[in-house]
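# Structural overview for review
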Amino acid sequence: MTRLIIGAMVRAIGAYPSGWRYPGAHRDPRGDAAVLRRTAEVAEAARLDYLFFGDWLATGHDLEFQDPYLVARVDPLSAVTYLAGLTRRIGLIATANTSYADPYTLARATASADLLSGGRAGLNLVTGAEPRVAGNHGRDFHEASGSRYDRAVEFEHVLRCLWDSFEDEAIVADAAAGVYLDPSRLHRTDFHGAQLSVDGPLNVTRPVQGHLPLVHAGSSPRSKLFAAQAADLALVAVTGLEHAVAVREELRSLAFESGRDDRTLKVIAPVLPIVGDTREHAQSIADELSELVQIAEDWPDGPPAAFPANRSLAQLSTLLGVDVSALSPDRAATSSLVAGFSGAGQELVEIVAERTGRSPSGERPPTLRHLVVAASVTASMVVGSADEIAAEFEAWAEAGAVDGFNVLSAVQPAQFEAFAFGVVPELQRRGVFPTEYEGETLRDHLDLGRPENVHVTSRDARFRPVTGRDGVGRRAFERGPRHP
């Protein structure tokens, strides 16, 4: 039976654009500390593998409408450090942008977090460049964007060298002999590349895990290659099961061709479950969330300048093949109206029916607002009872589509707790998720061995051993022995 990796992608005010408007939702970032504490308690009680904290290094009015959770949020490393003292077993993954971060400072902070948490820290490396972010860091946007993956490759190498500055036995601490440090086991980095220059050594001992598990997300060819060569977890947004199977196979093939054991690359898909007592209850929640999403036509004199252009009846008209821009957003999409829709429009109607239970021929047909939301809010959603969502997760695992899921919650805290207290026990009952933690560190949770020190091994430390829970990697049968 496949063992799923399950983590929670934490967004304190909810991951859905209108989640903060839902009755009972947390909506004020000034109260995030309490929400994060409660989320960690619930996640650890459910035996989730990790909490994942994304990041964005700028803010603006446009984010209020696109992704409200990005308007104001705590620093990911601060969140990880805060929760390290409040939890005992769950992994804690922070995000850093290699385009703007300083590798020495980041290596020091992350090695410290791993030591203070007892080996439970992880690091998500992102490479994106954006004009406002570049301006906040005194960087030229075009320069940062053009070199971001070249810098990321050097950054990952430097991180590993810095984390390995101290060999595990470098601190002798022999009080009788008066010897504290074995200087032969303290190593400089001495890296001078096209993007970075770092001397080292790091002034923090080697992390408990050796190297923190690395995460990378993206869909471009360069992003996939970076994930295949450097990451432990590859986060991939997929459109369905067949697409997920193909992407996982592509990433593992790239990993194998790069010389690593492809079992050490875990492919994780983000998913936003809407959990209800029944399927109908879950659909009613999804329906209300859709109705709470603002679209351009909600402003009689036009939306704010920063409002997303794709959230409008005018944009919807191009998808439907029918001009609905002059209609009310709450106009029912009845069978007679839907009959003239394009193929893409018909697909939107099916998506809305699956998520909300609204059908053009039913007593409560969808409205044009529902169609705008389905077209513009692209989160990978699954709507149903706890048992139905668990069955969907299990089906993806058994099909070889993913190694696990990053779970987002539309509404905090209600939907996260519905998942943790409802879906997780069903996954455990099905035997695809453990009832107890199986190790002490995040690497243990992910079934990854501890890497050797890059300064003392002849092998590439990116290609870590596995502990064997997965059995033999599939590609071993196809291509013979692994590279040394």
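Now for a quick tour of the structure. (Residues numbered from 1 in each chain as written. Predicted model: local features only at pLDDT ≥ 70, side-chain atom pairs only at ≥ 80, totals over all residues. Heavy atoms only, no water.)

### So, unusual backbone geometry
For the bond running from Gly200 to Pro201, omega is 0°, close enough to zero to count as cis. As for its placement among the helices and strands, Pro201 is situated in the loop between β8 (197–198) and β9 (214–217). Cis rather than trans, the peptide bond between Gln412 and Pro413 has omega equal to 5°. With respect to the element layout, Pro413 can be found in the loop between β13 (404–407) and α16 (414–429). Backbone geometry places Arg47, a non-glycine residue, at a positive phi of 70°. One non-glycine residue, Asp190, lies in the positive phi region at around 50°. Summarising the element assignment, Asp190 is placed in the loop between β6 (179–181) and β7 (191–192). (Helix = DSSP H or I, 4+ residues; strand = E, 2+ residues; numbered from the N terminus.)

### Section: the nonpolar core
Core analysis: the largest hydrophobic core is formed by 80 residues, its most contacted members being Ile6, Leu48, Leu51, Phe393 and Phe405. In terms of residues, this core owes the most to one element, helix α7 (residues 148–163), which gives seven residues. With near-sequence residues (within four places) excluded, Leu51 lies in contact with Ala8, Val10, Thr39, Ala40, Ala43, Leu83, Ile90, Gly91, Leu92 and Ile93. Of all hydrophobic cores here, the second largest spans 31 residues; its members include Tyr50, Leu233, Ile274 and Leu289. (Core = buried A, V, L, I, M, F, W, Y, C linked by side-chain atoms within 4.5 Å. Buried < 20%, exposed > 50% of the residue type's maximum accessible area, 1.4 Å probe, protein only. Contact = heavy atoms within 4.5 Å.)

### What to know about helix α15 (residues 386–398)
The end-to-end C-alpha distance of α15, which contains 13 residues, comes to 18 Å, matching closely the 18 Å that a straight helix rising 1.5 Å per residue would cover. Looking at α15, one finds that the buried residues are Ala386, Ile389, Ala390, Phe393, Glu394, Trp396 and Ala397. Along α15, the residues classed as buried sweep out an arc of 160° about the axis, all on the same side. Following α15 by one or two positions, Gly400 adopts a phi angle in the positive range, close to 70°. (Expected span 1.5 Å × (residues − 1). Arc of directions from axis to C-beta.)

### What about the pairing of strand β1 (residues 5–9)?
Burial analysis of β1 places five of its five residues in the buried class, which makes it a mostly covered element. Burial of β1 is two-sided: the residues Ile5, Gly7 and Met9 facing one way and the residues Ile6 and Ala8 facing the other way are all buried. Pairing of β1 with β13, which is carried by four bridges, proceeds in the parallel orientation. Considered in β13, the bridge of Ala8 is made with Val407. Inspection of the sheet shows β1 paired to strand β2 (residues 50–52) by three bridges, in the parallel sense. (Pairing = 2+ DSSP bridges.)

### Overview of the packing of helix α8 (residues 221–230) against helix α9 (residues 241–257)
The N-to-C vectors of α8 and α9 enclose an angle of 60°; their axes lie 8 Å apart at closest approach. Comparing the axis directions of α8 and α9 gives the class oblique. As α8 runs across α9, the sense of the crossing is right-handed. Listed contacts from α9 to Lys224, Leu225 and Ala228 of α8 are Glu250, Leu251, Leu254 and Ala255. (Axes fitted to C-alpha atoms, helices over the stretch in contact; angles between N-to-C directions. Parallel < 35°, antiparallel > 145°, perpendicular 65-115°, else oblique. Left-handed = near helix turned anticlockwise from the far one by under 90°.)

### Topic: the packing of aromatic side chains
Given two aromatic rings, their pairing is described by the distance between the two centres and the angle made by the two planes. Inspection of every chain in the model, using the stated rule, returns seven aromatic pairs. Both rings, one in Phe65 and one in Trp299, keep their centres 6.0 Å apart while their planes meet at 90°; by these two values the pair is edge-to-face. On the criterion of sequence distance, the pair formed by Phe65 in helix α2 (residues 61–66) and Trp299 in the loop between α10 (279–291) and α11 (313–320) is long-range, its members being 234 residues apart. Seen in terms of ring centroids, Phe393 and Phe419 are 6.0 Å apart; in terms of plane orientation they differ by 45°. Their pairing is tilted. One end of the pair, Phe393, is in helix α15; the other, Phe419, is in helix α16, with 26 residues separating them in the sequence. Each member of the pair, Phe393 as well as Phe419, is classed as buried. A connected cluster of aromatic rings, assembled from ring pairs, spans Phe393, Trp396, Phe405 and Phe419. (Phe/Tyr/Trp six-rings, centres within 6.5 Å; stacked < 30°, edge-to-face > 60°.)

### Considering helix α1 (residues 32–45)
Counted at 1.5 Å a residue, the expected span for α1 with its 14 residues is 20 Å, and the 20 Å between its end C-alpha atoms agrees. Residues Asp32, Val35, Leu36, Thr39, Ala40, Val42, Ala43 and Glu44 constitute the buried set of α1. Packed against the buried residues of α1 are β2, α3 (76–84) and α16. Of the residues flanking the end of α1, it is Arg47, one or two places downstream, whose phi is positive at about 70°.

### Description of the pairing of strand β3 (residues 91–97)
Of all seven residues that make up β3, seven are buried, and the element is covered over most of its length. Neither face of β3 is open: one carries Gly91, Ile93, Thr95 and Asn97, the other Leu92, Ala94 and Ala96, and all of them are buried. For β2 and β3, the ladder comprises three bridges, and the chain directions are parallel. The residue bridging Phe52 from the neighbouring strand is Ile93, located in β3. Sheet topology note: the β3/strand β4 (residues 121–126) ladder contains six bridges and is parallel.

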